[in-house]
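# Report on the structure
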Amino acid sequence: MQSREDEALARAAVDALTGQLALAPKPGLPDPRDLAARTTRVDHRALRWSAKALAPGLAAMAASARRTGEPTPVLRAELGAIGRCTEHSVALAGGGHRGALWALGLLVAAAALDPRAGAEDVAATAKRIAAHPDRRAPRRPSRGSSISAKYGAAGARGEAKAGFPHVRRALDTLAAVRAAGATETQARLDALLTVMSTLQDTELLHTVGPFGLRHVQAGARGVLEAGGTATAAGAAALTAFDTDLHARAWSPRGSAGLLAGALFLDSLPVNSPALAA
């Protein structure tokens, strides 16, 4: 039977995901401007609705971790099985969020193992869980793993096995931009751009190749180097970057899921100071 703590962690993770969805403008990504799916071809209302379908699976992952008590191979296998069932439920609700489910599932399970842990320790525990192979997973390679092998990109699994470095960098940016007096929206957009500026996004590599990935990374760096979204120059650079990606129909989806992971860790009752990248 799931505890209130398990359900609270699941709600926090879904709130982090919907908080990421509410941000605008997000270059190349679905945001509230896409109510009719005119720009990104992803209906924003459907994404908000299907995000709620993650909650039961995430609560089950938290319960599994609490019951197991350690980041063991058994826990990794259970999380994989729950995740595949949750993917099916999300697909029935409208789809999306596969990358976010992977990151949030591991982070929720890690947080459930030690409710007193701060963000840095939760990321480290998630790394220990991800280090175990999922022996029950289908043997056929996924698109992400195939792209990772082709281009030598870390991919979602590599990100988790490294302890979510981009999630930790996003947390650093959130703390720094907030401390500088920016709005919460500006802090979150800068955190997203921080991820986007260095992430080897396998979705982008699949759709537009290495050139497209470098173009997106450079665009994100350009906004940050202009001063970030809290400055006039940075806001203008963001508008230009957003217009460019929407015109090209390029979508850096991997960054969105990792931002959701950062927002989840940021919401934990106990939080560490600035994290090392």
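Before any of the text, the structure's been laid out above.
None of these values were measured; they are calculated from a predicted model.

### Here's the deal with the overall build of the protein
Counting secondary structure elements, the protein contains 13 helices and zero strands. Along the protein, from the amino end to the carboxyl end, the secondary structure elements read α-α-α-α-α-α-α-α-α-α-α-α-α. Against the 2.2 N^0.38 benchmark of 19 Å for 277 residues, the protein shows a C-alpha radius of gyration of 18 Å, consistent with a compact globule. Considered along the principal axes of its C-alpha atoms, the protein spans approximately 50 × 40 × 35 Å. A burial count over the protein gives 49% of its 277 residues as buried. Counting contacts in the protein only where the partners sit at least 6 residues apart, residues at least 24 apart contribute 73% of the total. Charged side chains of the protein number 33 positive and 24 negative; the gap between the two group centres comes to 7 Å.

### What to know about the packing of aromatic side chains
Applying the stated rule across the entire model yields zero aromatic pairs. Note that Arg-157 overlies the ring of Trp-102, its terminal NZ or CZ placed 5.5 Å from the centroid.

### Quick word on the packing of helix H3 (residues 55-68) against helix H5 (residues 98-113)
The geometry of H3 relative to H5 is characterised by a closest axis approach of 8 Å and an angle of 35 degrees between their N-to-C directions. With respect to the hand of their crossing, H3 and H5 are arranged in right-handed fashion. Judged by residue contacts, Leu-58, Met-61, Ala-62 and Ala-65 of H3 engage Leu-101, Leu-104, Gly-105, Val-108, Ala-109, Ala-112 and Leu-113 from H5. Its residues assigned to classes, the contact of H3 with H5 shows 10 nonpolar, one polar and no charged.

### A few points about the environment of Leu-268
One can find Leu-268 in the segment after helix H13 (253-266). Relative accessible area serves as the criterion here: at 9%, Leu-268 is assigned to the buried category. Between the C-alpha atoms of Leu-268 and Ala-13, which are 255 residues apart in sequence, the distance is 9.9 Å.

### Some details on the side chain of Ser-3
Of note, Ser-3 is situated in the segment before helix H1 (4-22). For Ser-3, a relative accessible area of 17% gives the class buried.

### Some points on the nonpolar core
Counting 77 residues, the largest nonpolar core has Leu-58, Phe-164, Phe-264 and Leu-265 as its most contacted members. Those residues in contact with Phe-264 that lie beyond four places of it in its chain are Leu-9, Ala-12, Ala-13, Ala-16, Leu-104, Leu-107, Val-108 and Ala-111.

### Overview of the pattern of salt bridges
Side-chain pairs of opposite charge can arise where the charged atoms are in close proximity. Using the criterion set out here, one finds 11 salt bridges in the structure. For Arg-178, the salt bridge is made with Asp-266, and the minimal N-O distance between the two is 2.8 Å. Placement of Arg-178 in helix H9 (residues 165-179) and of Asp-266 in helix H13 is noted, with a sequence separation of 88 residues between them. For Asp-266, a relative accessible area of 24% corresponds to the partly exposed category. Arg-248 is paired through a salt bridge with Asp-244; the nearest N and O atoms lie 2.8 Å apart. Within this pair, Arg-248 and its partner Asp-244 are both found in helix H12 (residues 232-248), separated by four residues, close to a single helical turn. Each of Arg-178, Glu-184, Arg-188 and Asp-266 takes part in salt bridges that share partners, so that together they form one network.

### Comments concerning the side chain of Thr-125
Checked against the element boundaries, Thr-125 lands in helix H6 (residues 119-130). Not counting residues within four places of it along the chain, the set of residues in contact with Thr-125 comprises Pro-71, Ala-110 and Leu-113.

### Details of unusual backbone geometry
Across the junction of Ala-24 and Pro-25, the peptide omega takes the value -5 degrees, indicating a cis bond. Secondary-structure assignment places Pro-25 in the loop between H1 and helix H2 (44-51). A positive phi angle is found at Phe-164, which is not glycine, with a value near 55 degrees. Within the chain, Ala-249 stands out as a residue other than glycine whose phi angle is a positive 60 degrees. Structurally, the position occupied by Ala-249 is in the loop between H12 and H13.

### Quick word on the packing of H1 against H5
Between H1 and H5, the least distance of the axes is 10 Å, while the angle of their chain directions is 145 degrees. Judged by the twist between their axes, the crossing of H1 over H5 is right-handed. Across from Leu-9, Ala-13 and Leu-17 in H1, the residues of H5 making contact are Ala-100, Leu-104, Val-108, Ala-111 and Ala-112. For the contact of H1 with H5, the per-class residue count stands at eight nonpolar, no polar and no charged.

The rules behind each value
- Residues numbered from 1 in each chain as written.
- Predicted model: local features only at pLDDT ≥ 70, side-chain atom pairs only at ≥ 80, totals over all residues.
- Heavy atoms only, no water.
- Helix = DSSP H or I, 4+ residues; strand = E, 2+ residues; numbered from the N terminus.
- Rg over C-alpha atoms; globule rule 2.2 N^0.38 Å.
- Buried < 20%, exposed > 50% of the residue type's maximum accessible area, 1.4 Å probe, protein only.
- Contact = heavy atoms within 4.5 Å.
- Lys, Arg positive; Asp, Glu negative; His and termini not counted.
- Charge placed at Lys NZ, Arg CZ, Asp CG, Glu CD.
- Phe/Tyr/Trp six-rings, centres within 6.5 Å; stacked < 30°, edge-to-face > 60°.
- Lys NZ or Arg CZ within 6 Å of the ring centre and 35° of its normal.
- Axes fitted to C-alpha atoms, helices over the stretch in contact; angles between N-to-C directions.
- Left-handed = near helix turned anticlockwise from the far one by under 90°.
- Nonpolar A, V, L, I, M, F, W, Y, C, P; charged D, E, K, R; others polar.
- Core = buried A, V, L, I, M, F, W, Y, C linked by side-chain atoms within 4.5 Å.
- Salt bridge = Lys/Arg side-chain N within 4 Å of Asp/Glu carboxyl O.

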